[in-house]
Protein chains: 4
Amino acid sequence: MLAHRGAPFAPPSVTDLASVLMTSPAGRHFLQIPGPTNVPERILRAIDRATIDHRGPQFGALGREVLAGMQALFKTRSPVVIYPASGTGAWEAALVNTLDPGDRVLMAETGQFATLWKNMAARLGLQPEFIAGDWRRGADPGAIEAALIADTAHAIRAVCVVHNETSTGVTSRIGAVRAAIDRARHPALFMADTISSLGSIDYRHDEWEVDVTVGGSQKGLMLPPGLSFNALSDKALAAARRSKMPKSYWAWEEMLASNKSGYFPYTPATNLLYGLREALTMLLEEQGLEQVFRRHDRHADATRKAVRAWGLELQCLEPAEFSSSLTAVRMPSGHSEVRFRQIVLERFDMSLGSGLGKIADKVFRIGHLGDFNDLSLLGTLAGVEMGLELAGVPHSKGGVAAAMSALTAVATVASAEVRSAA
Amino acid sequence: MLAHRGAPFAPPSVTDLASVLMTSPAGRHFLQIPGPTNVPERILRAIDRATIDHRGPQFGALGREVLAGMQALFKTRSPVVIYPASGTGAWEAALVNTLDPGDRVLMAETGQFATLWKNMAARLGLQPEFIAGDWRRGADPGAIEAALIADTAHAIRAVCVVHNETSTGVTSRIGAVRAAIDRARHPALFMADTISSLGSIDYRHDEWEVDVTVGGSQKGLMLPPGLSFNALSDKALAAARRSKMPKSYWAWEEMLASNKSGYFPYTPATNLLYGLREALTMLLEEQGLEQVFRRHDRHADATRKAVRAWGLELQCLEPAEFSSSLTAVRMPSGHSEVRFRQIVLERFDMSLGSGLGKIADKVFRIGHLGDFNDLSLLGTLAGVEMGLELAGVPHSKGGVAAAMSALTAVATVASAEVRSAA
Amino acid sequence: MLAHRGAPFAPPSVTDLASVLMTSPAGRHFLQIPGPTNVPERILRAIDRATIDHRGPQFGALGREVLAGMQALFKTRSPVVIYPASGTGAWEAALVNTLDPGDRVLMAETGQFATLWKNMAARLGLQPEFIAGDWRRGADPGAIEAALIADTAHAIRAVCVVHNETSTGVTSRIGAVRAAIDRARHPALFMADTISSLGSIDYRHDEWEVDVTVGGSQKGLMLPPGLSFNALSDKALAAARRSKMPKSYWAWEEMLASNKSGYFPYTPATNLLYGLREALTMLLEEQGLEQVFRRHDRHADATRKAVRAWGLELQCLEPAEFSSSLTAVRMPSGHSEVRFRQIVLERFDMSLGSGLGKIADKVFRIGHLGDFNDLSLLGTLAGVEMGLELAGVPHSKGGVAAAMSALTAVATVASAEVRSAA
Amino acid sequence: MLAHRGAPFAPPSVTDLASVLMTSPAGRHFLQIPGPTNVPERILRAIDRATIDHRGPQFGALGREVLAGMQALFKTRSPVVIYPASGTGAWEAALVNTLDPGDRVLMAETGQFATLWKNMAARLGLQPEFIAGDWRRGADPGAIEAALIADTAHAIRAVCVVHNETSTGVTSRIGAVRAAIDRARHPALFMADTISSLGSIDYRHDEWEVDVTVGGSQKGLMLPPGLSFNALSDKALAAARRSKMPKSYWAWEEMLASNKSGYFPYTPATNLLYGLREALTMLLEEQGLEQVFRRHDRHADATRKAVRAWGLELQCLEPAEFSSSLTAVRMPSGHSEVRFRQIVLERFDMSLGSGLGKIADKVFRIGHLGDFNDLSLLGTLAGVEMGLELAGVPHSKGGVAAAMSALTAVATVASAEVRSAA
């Protein structure tokens, strides 16, 4: 039994927990934070293989295969860079490869992760301009357009938007932002963070003419954390050739040179690349990317129906911006999401996402992305519904029932389609 | 995508399925048959270790440890024999070690597995007498007592009862059967099959004076199939010394001689023994066996509340005999459980147990045993409820809701106990 | 550190070793007994997958695939039966499916395993006739022919030979035995045990008209122990229809009926079947069976050259019968193989095979079968050579050097062939 | 069969190799490059566990445990920082956390990795001064002392030395360098790279008063690549508070703040941390660190004896600086190490380290570090000896024999010690 069970609010001691680290209570933990997500056994088992020589011929084949697969995932014909690093590193890479010290970058305040990226830009010596937001809507294409038009000197060097804001469950419309930049006829680079959308929500690097897209391994890609990505454009590559930011680990130049033959300039995270290969096979070849997106849409829709049935409020205000990978739910006033989540963890062995930054203790987040299916979603929603009950949070019952109705309706339609197609 | 998806009733071709054998649709399969059960990752990973020399010193320590652990699990101080075989083999071992060709054995018809064991006895040259049953109740202690009293010549050499009938979800009262034998003052051996109860439902080999208890690895023990067990008594050992049934693989004598030092007379299934060691650690040391039984009781209770809310009928008629490891549900007349389960498998990637033997296509079974928790149970019940809807089976909604109420009520009580204890 | 290190001859206590069971000293253990063999990580990882419903469509595909693969491995078009049992069980199955109580069977004393099989036959109520042997030669076709010719009444119902005698490293000539039976015009069934040759040494069930071939999983098939096999013939099937031996678990009839669609009459060892599928892919598709046999021949040849260089004597006297899967080496008089092997285990973390039965403490055995390569063989031989030194066993150095010469000579030839083919 | 076999010099095509990526020829690959090293199955299996919430209570316990373990490994009471990154990232972290743009750093040219670190410093805007070396000796304490004494203005801000130069097999004497700095009474920071020595060769962060020690996961720690480390000192922390280099991902400040409770400021590589925990248990608790160092010394000594027996020349000229984790061997003039290694890979499935930078095609490297034992070392040396033969490289035979003599001599001594201690 986990030490945190039955002793809710006491901090666990090292001794107690260390001994149970590899122990679990009965059944599988429900890891329903919006990433890291539940890693499928196939991917874990792929990672669990002997490390090979990163300079040998097998490695080159592996490298070429995963690099090509990542292009398909980002929907780009330009190169993708794979870092042995967390997503935060890929944020840094996007900035230091393309910009000069003191450059102005226009960033949209969509939530906590947009704020962290902005803070990073400042720490790296850039001058971020942060278009204020209420954390309940996506980046505003109109505001971006206005800011760019106002920048007649073209001092703004980059526009940075978080595609799917993991702290709020809001998906910004990257295509609309692209159109806004185009309307402003502004030469700024366009950068997007897809850490919690890649492999879960449709994303089109080339079609939307994004210059640097940032991605990570531990969400829709279903891998453990430890890999992150930059998808590039010709314009980004041109900017990189001129960039004066100091850099070494993150530098694209040697990466791309080595990547041509499938190798890396320094030791790559070989075993995570085994997992990446398996993940790409699952997403691109077996399940089909568009099918994966539809599954995420369906689960998000069922989740929102449950939230409404409970009488709770969604953090995201704009239906066109509802995230398909996670749902952030506002707690009724006077009720703590921290306490609620702790009860859910203790009683039902499920991890939910916390409120972050400005909305700490006010919002909880349900991750429904990655390797996930209808019954696991319903188990998740049941855990939320029972947790609301046990925590004394005012709500109507019937959330799970509403989600079941949504999912059977879809199943019925799908079934009819199959029959008519047969 | 599994070949069986979207093409419901066509038999899968070898080619299609072979290539997807190691593939899975999104998320984890819900394996809710009453065994094999969901194997926890700890146990799979324990099995996934290099095979060692079964004659070396490490092996002896392993052997001694798992043999001692199995005694604790059966609640016996007598030896337990571990076979590299399915549970069916342990049935055969119980009979051939203790009896002579042509011996009469008294067996109780509780369902399909009792019938199969009876058939085996006949095939092995014994004369089983089968006390008829309606497959909705456990073994009747009164009928057993009567049969034994009638056997004034003591020609009956053994009484065989299935503790938990996996085909019906009925748990026979082994203690009451023991009392019946005692009241009849009959010297017959007493044998019980605990294949689907061991590690899930309280069982007391010594206290109930059972002479041979049969068990298997793939249910409450949370292992893959491939190991089975005989727990013995002094009386069984004495019978074995006299037994004239031909035997070699199943013979206890060499087993027990080798087991004294932790070894086996022929090559044991070493890697499954690694898993057994991990399973015993989980059940006996970490979770606590009584706590494990209470969990199974709680899940069974919530499942029955769901069944009643659906307006469906339980196969088991006697509340004192409700099984805590599985629930068998009767289909409304005119509705096929085969079709229902196929829809559940196709739409929700969940395997349920079929109707067997006499009740084929009339009963489906929900396994809720082994490594299992509240949220997985609710996902399971949601799959059943949605499957009933999609299959057009008449039912009331609200089964999942009823189960949630049952589980939160228990959680509230548990929570109050923790607070008062703190 | 293993408890057995540094405390050579004291028996390990349960406490010490239990805690280190999953611990290992630095580097990989060399498991050079003649089975179980070193299981490749691919196979272990295949076994380490979620157990599936043994009545579901995926399982049927798996079943059909491995059953077909086993036919290819045995080189037969007749059915192969797969048991969830050790090889000893498959011995029993061969006898009880085909014979009647009291039947005479002709068996050849090639070593300890032939003796054990003979003992089993006696315990099962058969009358084995054991053609005496010196444990240094294979079954004698001439003696078998003579015995059969003498049996004018055709009372002998079966001839049983161990193909590769694991206790002595002698491979009997099954084709020559078949010819002897044919010359005697005797109708006896022909049974062969290939437990330590299957997948390592060429074997041809159909061509040699063997009626029942017995096999196991944990040697050339590179799996952990827990599966065993019977390959059949039409004549064996006809005998089975008439056989009066009592049987249930081992009965072919239900097995073959269920196997037609890829299923089993009782719960199969599903996870080991995953491993079997992987093993068959490796042997039949990737490496090629004939190539696998040549590799074993090459390693056995190099091993014998090492033994001769050490000045030690091979147990096998007949070059035409040298085993390619293991080599048994005679200790110089007055030197204990038990002590020698203990030193090798303690100092070099390598398990070697012991002397068994009549040749206990007189012979040690080097397993060089299964998933094995040149450098592991040389590490193995180095461990033997150093162990001889440390144990004070009289020998000449140079065994490893002789093996290296043998292996480079072969490599040079292979290399030349490649060049001329290019 | 690997595509690279039998077609030595043709570049492998993507198609061919991609399909065999997870395939291997018979037996285990010998990964004898000087890192990544052979990952023990225990560590791979620890990594192969479900990812947990990096904000939950279990994670905090894991974090505290591995952070404490890393202090023991570096022999420091100061904090250790763990990055989700390759070792190259930890090099960058050491520089950007402590220095200002334009700072002078004194670096010692010991080989290719020292050169790469120097190049990195220049790319990051520092001014490295490179004390020239011949790649056959370690850093010269006298030269460092002289350079520091000459720097009367104390413009040199840091002295950077590679402890174990992976390209040459030379171990610099860090204690002696420390003494040189002290004698010069120079306030420069002292930084050391232990990427290929940590956990293999004795290293004492506190005793030698190193300010920043850089480490990586994939060598002596026996993990796959993907984690790297900075061990700090109070002086380094004070420098970090003043440092003006732009940084974010590598910044120690937030790391140390989060680490206090066992957490990380951004998503850590959770599954690799599972492996790190297992590795630390193995090194610190089970095997004992000093014992691990002695094992590496012993293997290095045996390897050098083999090299001398072959009549080949060691790259390292100074016996006091022989590396215990790898041995670099010079090829006779006119012979290509590239071709030699390719033959070894094709014929014996062993990867050896190549010559790097200035000594490309002139030196090959044998890694004998990490999870390794005597018999694997002898298999490795046998592969080298046979490869020399097949490649036509002039040499004397007897290298393996010399190594065996060395290892048995040690074993004999150890054995005698055990007896006298008993």
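Everything numeric in this text was worked out from a predicted model, so none of it was measured. (Residues numbered from 1 in each chain as written. Chains lettered and ligands numbered in written order. Predicted model: local features only at pLDDT ≥ 70, side-chain atom pairs only at ≥ 80, totals over all residues. Heavy atoms only, no water.)

(A) Quick look at the relation of the copies chain D and chain A. Rotating chain D by 180° and moving it 0.0 Å along the rotation axis overlays it on chain A with an RMSD of 0.0 Å. Seen this way, the second copy is the image of the first under a two-fold rotation axis. Every residue of chain D has its C-alpha some distance from the rotation axis, and the shortest such distance is that of Ala85(D), at 2.4 Å. (Least-squares fit on C-alpha atoms with pLDDT ≥ 70 in both.)

(B) Quick look at the pairing of strand β8 (residues 189-193) of chain B. Residues and elements named next belong to chain B. Burial analysis of β8 places five of its five residues in the buried class, the great majority of the element. As judged from the five bridges shared by strand β5 (residues 156-162) and β8, these two strands associate in the parallel manner. Within the sheet, the bridge partner assigned to Ala158 lies in β8 and is Leu189. By the bridge criterion, three bridges tie β8 to strand β9 (residues 212-216) in an arrangement that is parallel. Residue pairing across strands places Ala192 opposite Thr213, the latter belonging to β9. (Buried < 20%, exposed > 50% of the residue type's maximum accessible area, 1.4 Å probe, protein only. Helix = DSSP H or I, 4+ residues; strand = E, 2+ residues; numbered from the N terminus. Pairing = 2+ DSSP bridges.)

(C) Representation of the pattern of salt bridges within the structure. In the structure shown here, the tally under the stated rule is 108 salt bridges over all chains. Asp103(B) is the salt-bridge partner of Arg157(B), the closest N and O atoms lying 2.8 Å from each other. Residue Arg157(B) is found in strand β5, and its partner Asp103(B) is found in the loop between α4 (87-98) and β3 (104-108); the two are separated by 54 residues along the sequence. Overall, Arg157(B) belongs to the partly exposed group, its relative accessible area being 25%. It is possible to trace a salt-bridge network through shared partners that takes in Glu41(A), Arg45(A), Glu41(B), Arg45(B), Asp48(C), Arg49(C), Asp48(D) and Arg49(D). (Salt bridge = Lys/Arg side-chain N within 4 Å of Asp/Glu carboxyl O.)

(D) Broad picture of the interface of chain D and chain A. Facing the 63 residues of chain D at the interface are 63 residues of chain A. Buried surface at the junction of chain D and chain A, summed over both partners, amounts to about 5400 Å²; 61% is from carbon and sulfur atoms. Taken together, the connections running from chain D to chain A amount to four salt bridges. Where chain D touches chain A, the interface holds 10 residue pairs in polar contact (both at pLDDT 80 or more). (Contact = heavy atoms within 4.5 Å. Buried area = accessible area lost by both parts, 1.4 Å probe. Polar contact = N/O pair within 3.5 Å; in protein donor to acceptor, adjacent residues only side chain to side chain.)

(E) Representation of the pairing of strand β3 (residues 104-108) of chain A within the structure. Residues and elements named next belong to chain A. Of all five residues making up β3, four are buried, and the element is well covered by its neighbours. Two elements, β3 and strand β5 (residues 156-162), share four bridges in a ladder whose sense is parallel. Bridge pairing in β5 links Leu106 to Val159. Read from β3 through helix α5 (residues 112-123) to strand β4 (residues 127-131), the crossover connection turns out right-handed. (Right-handed = clockwise from strand over helix to strand, strands pointing away.)

(F) Structural view of the sheet that holds strand β12 (residues 326-330) of chain B. All names here are of chain B. The antiparallel open sheet is built from three strands, whose spatial order is β11-β12-β14. Only two strands of the sheet have a single neighbouring strand rather than two, namely β11 (313-314) and β14 (363-367). Examined bridge by bridge, β12 and β14 share five bridges and lie antiparallel to one another. Across the sheet, residue Thr327 finds its bridge partner in β14, namely Ile366.

(G) Quick look at the nonpolar core. Grouped together as the largest cluster of nonpolar side chains are 185 residues, with contacts concentrated most on Met70(A), Leu276(A), Met70(D) and Leu276(D). If near-sequence neighbours (up to four positions away) are discounted, Met70(D) is found in contact with Val80(D), Ile82(D), Leu198(D), Leu221(D), Phe229(D), Leu276(D) and Leu280(D). In terms of nonpolar packing, the next biggest core, distinct from the first, is built from 184 residues, Leu124(B), Met120(C), Val162(C) and Phe264(C) among them. (Core = buried A, V, L, I, M, F, W, Y, C linked by side-chain atoms within 4.5 Å.)

(H) Region of the structure containing the domain arrangement of chain A. Residue and element names in this part refer to chain A. Parsing chain A into structural domains produces domain 1 (13-34 + 287-421) and domain 2 (42-283). Spacing between the C-alpha centres of domain 1 and domain 2 amounts to 27 Å. The interface of domain 1 with domain 2 comprises 30 residues on the first partner and 33 residues on the second. Carbon and sulfur atoms make up 55% of the surface buried where domain 1 meets domain 2, a total of about 2500 Å² over both sides. Together, Leu289, Phe293 and Glu321 form the three largest contributors to the area buried by domain 1 at its contact with domain 2, with a combined 23%. The interface formed by domain 1 and domain 2 contains four salt bridges. The interface formed by domain 1 and domain 2 holds 20 residue pairs in polar contact (both at pLDDT 80 or more) in total. Counting only elements with at least two residues in the side of domain 1 that touches domain 2, the list comes to α11 (289-310), β11 (313-314) and β12 (326-330). Per-element accounting of the side of domain 1 that touches domain 2 gives the leading share, five residues, to α11. Of the residues belonging to the side of domain 1 that touches domain 2, the class tally is 13 nonpolar, nine polar and eight charged. (Domains from an automatic or database assignment. Nonpolar A, V, L, I, M, F, W, Y, C, P; charged D, E, K, R; others polar.)

(I) Just helix α7 (residues 174-184) of chain D, in detail. Residue and element names in this part refer to chain D. Of the residues making up α7, those classed as buried are Ile174, Val177, Arg178, Ala180, Ile181 and Ala184. Down the axis of α7, the buried side of the element spans an arc of 160°, and every buried residue falls inside it. Where the residues of α7 are buried, they touch α6 (141-150), β5 (156-162) and β8 (189-193). At the exit of α7 stands Arg185, carrying a positive phi of roughly 50°. (Arc of directions from axis to C-beta.)

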